[in-house]
Amino acid sequence: MKYLNSVLEAIGNTPLIRLNRVTSGIPALVLAKVETFNPGLSIKDRIAANIVEAAEKSGKLRKGGTIVECTSGNTGIGLAMAAAVKGYKIICTVNDKQSKEKIQMLRSWGAEVIICPSKVRPEDPQSNYSVAERISQEIPNAYWVNQYDNPLNPSTHYDNTGPEIWEATDGKITHLIAPAGTGGSLCGIAKFLKEKNPKIQVWGTDAYGSVLKKYHETGEFDEKEIYDYSMEGVGREFIPNSMDMSLIDHFEKVTDKDAALMGRRLVLEEGLWVGHSSGSAVAGLLQMKNRLKPTDVVVVIFHDHGSRYIGKIYNDDWMRMKGFIDDETDEDRIEKAILASS
Ligand SMILES: Cc1ncc(COP(=O)(O)O)c(C=O)c1O
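The paragraphs below set out a description of the structure included in this document. Throughout this description, residue numbers start from 1 for each chain and increase along the sequence as written. Totals for whole chains, interfaces and linings use every residue, but because this is a predicted model, local features are given only for residues with pLDDT of at least 70 and side-chain atom pairs only at 80 or more, for both listing and counting. No hydrogens and no water enter the side-chain calculation; it runs on all heavy atoms of the structure.

**What to know about the site of the ligand**
Part 1: Around the ligand, 16 residues are found, and the nearest of them are Lys44, Gly181, Thr182, Ser185 and Ser277.
Part 2: The term polar contact refers here to a pair of N or O atoms within 3.5 Å; inside protein, the definition further demands a hydrogen-donor-capable atom paired with an acceptor-capable atom, and it admits residues adjacent in sequence only when both atoms are side-chain atoms. At 2.8 Å, a backbone N or O of Gly183 approaches an oxygen atom of the ligand.
Part 3: Within the side chain of Ser185, an N or O atom sits 2.5 Å from an oxygen atom of the ligand.
Part 4: Here the ligand occupies the largest cavity.
Part 5: Domain assignment of the residues forming the shell around the ligand places at least three in each of domain 1 (7-37 + 154-321) and domain 2 (44-144). For this purpose, a residue is taken to be near a molecule or strand whenever a single non-hydrogen atom of the residue falls within 4 Å of it. Lining residues are those with an atom within 4 Å of a point, where the points come from a 1 Å grid over the protein atoms alone and group into cavities, where a 1.4 Å probe fits but cannot get out, or pockets, open sets with protein on both sides within 12 Å along at least five of seven lines. Those molecules having more than half of their atoms within 2 Å of a cavity or pocket grid point set are described as sitting in that cavity or pocket. The domain boundaries here were taken from an automatic or database domain assignment.

Here's what the structure looks like:
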């Protein structure tokens, strides 16, 4: 018989799929590592399962224990999946800009969700980082995953995602591009690939409103770079320890609008229903297309699934409210039809 012992064994070995239409004008082969094929629909399943198993082995997580994490949603969903399989409790602290879908999804996986203000600095006691740290100290037998500082975040991708990409491209990959938040996915994959071939170029996408690009280019942590934006998971208002800046060759900033419109194009032109940050990766690549040549092989990472953004980038009202599209609303159409018939 051929079967898996639990859903956790279905994590990883995601497909590499060629992008054919959205990449017109890019003189290179562009392949997407589509992480939505993971059972929790995101790349974060990989680190979640690995971190929980390591915490069990080291005795940090024991029977009847509680997993605690500050998350923009996807890591929490991966952890909740592992918690369900292994019988742990889970508490997630999210900030108030995360999509309602992700919060409802976390609850449906059995997580207790604490919503924290997004407009406070990470060190503020109200931030989702501080609240996670505090409750992990208050609750007995609790384990705080802390993906921003946990070396198992990048090392999971060094051990798995990087080798998968190297093997699937037969070592021909020349460029890697991915949205960066904690930096764990991009830097873990990059470390493995650069050890294989130091010439591979590693590009991260960053958000307008995040400090990453400026810090990478100048070494200056500039608070003036921090302001509100809507992309989830991309960019940061501090420099996480899991982000090894020395592995990244370039950060490309992408607007919320360009990333959202590209997310929609990925569905309509490639049949891939992926999230806002995946749109940022392809929009960023298009902005960089002059640096590519026909023999290049680019791998772009698609972190999560479009179902998480049904109330945002896949919702015309939200897109219109943000000024990302200016189509007629159904109300406009009804009004026009009434006028025409009167
Ligand atoms: C949707 C999405 N895209 C991109 C990222 C960034 O990935 P990483 O934290 O590995 O840099 C995240 C992280 O939470 C995410 O949830």
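**A word on the sheet that holds strand S6 (residues 142-144)**
Part 1: Following DSSP output, two strands are said to pair if at least two bridges run between them. Strands here mean DSSP runs of E at least two residues long; helices mean DSSP runs of H or I at least four residues long; both are numbered from the N terminus. Reading across from one edge, S5-S4-S3-S6 is the order of the four strands in this open sheet, with parallel pairing throughout. What marks the edges here is a single partner per strand, and that holds for strand S5 (112-116) and S6. For this sheet the average axis-to-axis angle between neighbouring strands, irrespective of direction, equals 20°.
Part 2: Bridge count for strand S3 (residues 66-70) against strand S4 (residues 89-95) is five bridges, and the pairing is parallel. Fitted lines through C-alpha atoms give the axes, limited to the stretch in contact for helices. The angle between two N-to-C directions lies from 0 to 180 degrees.

**A look at empty space enclosed by the protein**
Unoccupied space between atoms shows up once a probe the size of one water molecule is rolled over them.
Part 1: Grid points are joined across faces, edges and corners, and a volume is the space filled by probe spheres set on the points. Per the counting criterion, the structure on display carries one cavity of 30 Å³ or more.
Part 2: Volume-wise, the largest cavity comes out at about 230 Å³.
Part 3: Lining of the largest cavity is provided by 24 residues; of these, Lys44, Ser72, Gly181, Gly233 and His303 occupy positions nearest its centre.
Part 4: At the level of elements, helix H2 (74-86) and helix H6 (184-196) are the ones that each hand at least two residues to the lining of the largest cavity.
Part 5: In terms of residues, the lining of the largest cavity owes the most to one element, H6, which gives three residues.
Part 6: Looking at which domains feed residues into the lining of the largest cavity, each of domain 1 (7-37 + 154-321) and domain 2 (44-144) gives three or more.

**Some details on the packing of aromatic side chains**
For any pair of aromatic rings, geometry is given as the distance between the ring centres together with the angle between the planes.
Part 1: Each pair of aromatic rings taken from Phe, Tyr and Trp, with Trp reduced to its six-membered ring, is defined by centres within 6.5 Å and is described as stacked if the planes are under 30 degrees apart, edge-to-face if over 60, and tilted in the remaining cases. Taken as a whole and judged by the stated rule, the model has six aromatic pairs.
Part 2: Note on Tyr148 and Phe238: the rings are 5.4 Å apart at their centroids and 55° apart in plane angle, and the pair reads as tilted. Residue Tyr148 is located in the loop between S6 and helix H5 (152-168), and its partner Phe238 is located in the loop between helix H7 (212-218) and strand S9 (250-254); the two are separated by 90 residues in the primary sequence. As far as the burial class goes, Tyr148 and Phe238 line up, both buried.
Part 3: Measuring from centroid to centroid gives 5.8 Å for Trp318 and Phe324, while their planes differ by 80°, and the two rings are edge-to-face. Only protein chains enter the area calculation, which uses a 1.4 Å probe; residues under 20% of their type maximum are buried, those over 50% are exposed, and those in between are partly exposed.

**A few points about the layout of surface pockets**
Part 1: Considering only enclosed or pocket space, the largest pocket measures out at about 420 Å³ in volume.
Part 2: For the lining of the largest pocket, the residue count by class is nine nonpolar, ten polar and seven charged.
Part 3: Structurally, the lining of the largest pocket is a two-domain feature, drawing no fewer than three residues from each of domain 1 (7-37 + 154-321) and domain 2 (44-144). Here the nonpolar group is Ala, Val, Leu, Ile, Met, Phe, Trp, Tyr, Cys and Pro; Asp, Glu, Lys and Arg are the charged ones; every other residue, Gly included, is treated as polar.

**Points about the pattern of salt bridges**
Part 1: Any carboxyl oxygen of Asp or Glu that lies within 4 Å of a side-chain nitrogen of Lys or Arg is treated as forming a salt bridge with it. Taken as a whole, this structure holds 23 salt bridges when the rule is applied.
Part 2: A salt bridge links Glu164 to Arg46, with the shortest nitrogen-to-oxygen separation between them at 2.9 Å. Taken together, the positions of Glu164 in helix H5 and Arg46 in helix H1 (residues 44-58) put the pair 118 residues apart, joining distant regions of the chain. By the burial criterion, Glu164 is buried, and Arg46 matches it.
Part 3: The salt bridge involving Lys253 is made with Glu225; its shortest N-O contact spans 3.4 Å. On the criterion of sequence distance, the pair formed by Lys253 in strand S9 and Glu225 in the loop between H7 and S9 is long-range, its members being 28 residues apart.
Part 4: Judged by its relative accessible area of 9%, Lys253 is buried.

**Regarding the nonpolar core**
Part 1: Of all hydrophobic cores here, the largest spans 28 residues; its most connected members are Leu19, Leu266, Val282, Leu285, Val300 and Phe302.
Part 2: Contributing elements (two or more residues each) for this core: strand S2 (29-34), strand S8 (201-207), helix H8 (256-270), helix H9 (276-287) and strand S10 (297-302).
Part 3: Note on definitions: a residue-residue contact is assigned when non-hydrogen atoms from the two residues lie within 4.5 Å. Once residues within four sequence positions are removed from consideration, Leu285 is found in contact with Ile26, Val30, Ile177, Trp203, Leu292 and Val298.
Part 4: Only buried residues count toward a nonpolar core, which is a set of Ala, Val, Leu, Ile, Met, Phe, Trp, Tyr and Cys residues joined through side-chain atoms within 4.5 Å. Formed by 27 residues, the second largest nonpolar core is a distinct cluster that contains Ala49, Leu61, Leu106 and Tyr143.

**Let's talk about H6**
Part 1: How far a helix is expected to stretch is found by multiplying one less than its residue total by 1.5 Å. Between its first and last C-alpha atoms H6 spans 19 Å; for 13 residues at 1.5 Å apiece the expected length is 18 Å, and the two agree.
Part 2: Summarising burial for H6: ten of the 13 residues are buried, a large majority.
Part 3: Turning to H6, its buried residues are Gly184, Ser185, Leu186, Cys187, Gly188, Ile189, Ala190, Phe192, Leu193 and Lys194.
Part 4: Buried residues along H6 sit against H5, strand S7 (175-179), S8 and S10.

**Thoughts on the state of the cysteines**
Part 1: When two cysteine sulfur atoms lie within 2.5 Å, the pair is treated as a disulfide. Here the structure, examined in full by the defined rule, presents zero disulfides.
Part 2: Sulfur of Cys92: no disulfide; nearest cysteine sulfur belongs to Cys70 and is 9.4 Å away.
Part 3: The buried category is assigned to Cys92, whose relative accessible area is 0%.

**Some thoughts on the side chain of Thr93**
Part 1: Along the polypeptide, Thr93 turns up in strand S4.
Part 2: When its relative accessible area of 0% is taken as the criterion, Thr93 is described as buried.
Part 3: Beyond its immediate sequence surroundings of up to four residues, Thr93 is in contact with Glu69, Cys70, Thr71, Ile114, Cys116, Asn128, Val131, Ala132 and Ile135.

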